[in-house]
Amino acid sequence: MTAVHRPSSPHRPSARGAFLPALTRVLAGLALAAGSVAVIPAAAQAVTGAPASATAQGPAASWKLWGPHSAPGKKATAEGRLRVIGIDPDLFQPVGTVQVRGKVTDRTPDDSGCAWAVFRITYRTGDGNLPFTHKYFRDCTASAPTSFSFSHRNVYQVELKVCSHGKARKPTLNCLYAGTWKVLYLAYP
């Protein structure tokens, strides 16, 4: 048996030869991306004369409508608007002050229950933790909706749950912990 020896083709690079140009392209792309991250905020400041954080925020935060969201069985509804102000985009995980306005409407017959708009607000503390707090508003009259308004600082996320249950001073545990929350605002996905 004779072995045939074929010389390697000049058009076919070895595995190592193909790896180096690909690695060079990847590194060049990363360097270009890193350079643009550093240059774009400086260019924005040079053109507008404003700091980069002001240009990223825009002139004024606009209101975003949310709702109407309903409780199971459509016995309660809530709707309103939300805006975020004071966001510092220079932070790794930016947070801002959230302002929420809206109304909750009881749709139970004969004033037999109350409608609840329950907000779960997750905020950032100075040490970087993300605890949450609840704000809730109720309407126990089927004749007219109840308006509400609140704001909270250093907000990471705002969620809403609409519930309907008997008259009480606070939302029930079932309202707070069963079912799903509707995300109204998330600082960064």
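Residues numbered from 1 in each chain as written. Predicted model: local features only at pLDDT ≥ 70, side-chain atom pairs only at ≥ 80, totals over all residues. Heavy atoms only, no water.

**Quick word on the overall build of the protein**
Counting its secondary structure elements, the protein contains three helices and seven strands. Listing the helices and strands of the protein from first to last along the sequence gives α-α-β-β-β-β-β-β-α-β. Burial analysis of the protein (189 residues in total) assigns 28% to the buried set. In the protein, of all internal contacts separated by at least 6 residues, the share reaching a separation of at least 24 is 61%. Per element, the accessible surface of the protein, about 12400 Å² overall, is 58% carbon and sulfur. (Helix = DSSP H or I, 4+ residues; strand = E, 2+ residues; numbered from the N terminus. Buried < 20%, exposed > 50% of the residue type's maximum accessible area, 1.4 Å probe, protein only. Contact = heavy atoms within 4.5 Å. Areas by Shrake-Rupley, 256 points an atom, 1.4 Å probe, with all protein chains shown as cover.)

**Brief notes about the environment of Thr122**
The residue Thr122 is located in strand β4 (residues 114-123) in this model. Assessed through its relative accessible area of 11%, Thr122 is described here as buried. Distance in space between the C-alpha atoms of Thr122 and Phe132 is 4.1 Å, their sequence separation being 10 residues.

**What to know about the side chain of Asp139**
Note that Asp139 resides in strand β5 (residues 132-139). Among buried charged residues, Asp139 stands out as having no salt bridge; its nearest opposite-charge side chain is Arg138, 8.2 Å away. A polar contact is formed between the side chain of Asp139 and the side chain of Thr146, at a distance of 3.0 Å. (Lys, Arg positive; Asp, Glu negative; His and termini not counted. Salt bridge = Lys/Arg side-chain N within 4 Å of Asp/Glu carboxyl O. Polar contact = N/O pair within 3.5 Å; in protein donor to acceptor, adjacent residues only side chain to side chain.)

**Describing the pattern of salt bridges**
Per the counting criterion, the structure on display carries one salt bridge. Here Glu159 ties to Arg120 by a salt bridge, and the two come within 2.8 Å at their closest N and O atoms. Of this pair, Glu159 sits in strand β6 (residues 146-165) while Arg120 is found in strand β4, placing the two residues 39 residues apart along the sequence.

**Digging into the environment of Ala76**
On the secondary structure map, Ala76 appears in strand β2 (residues 76-85). Along the sequence, Ala76 and Val104 sit 28 residues apart, while their C-alpha atoms lie 7.3 Å from each other.

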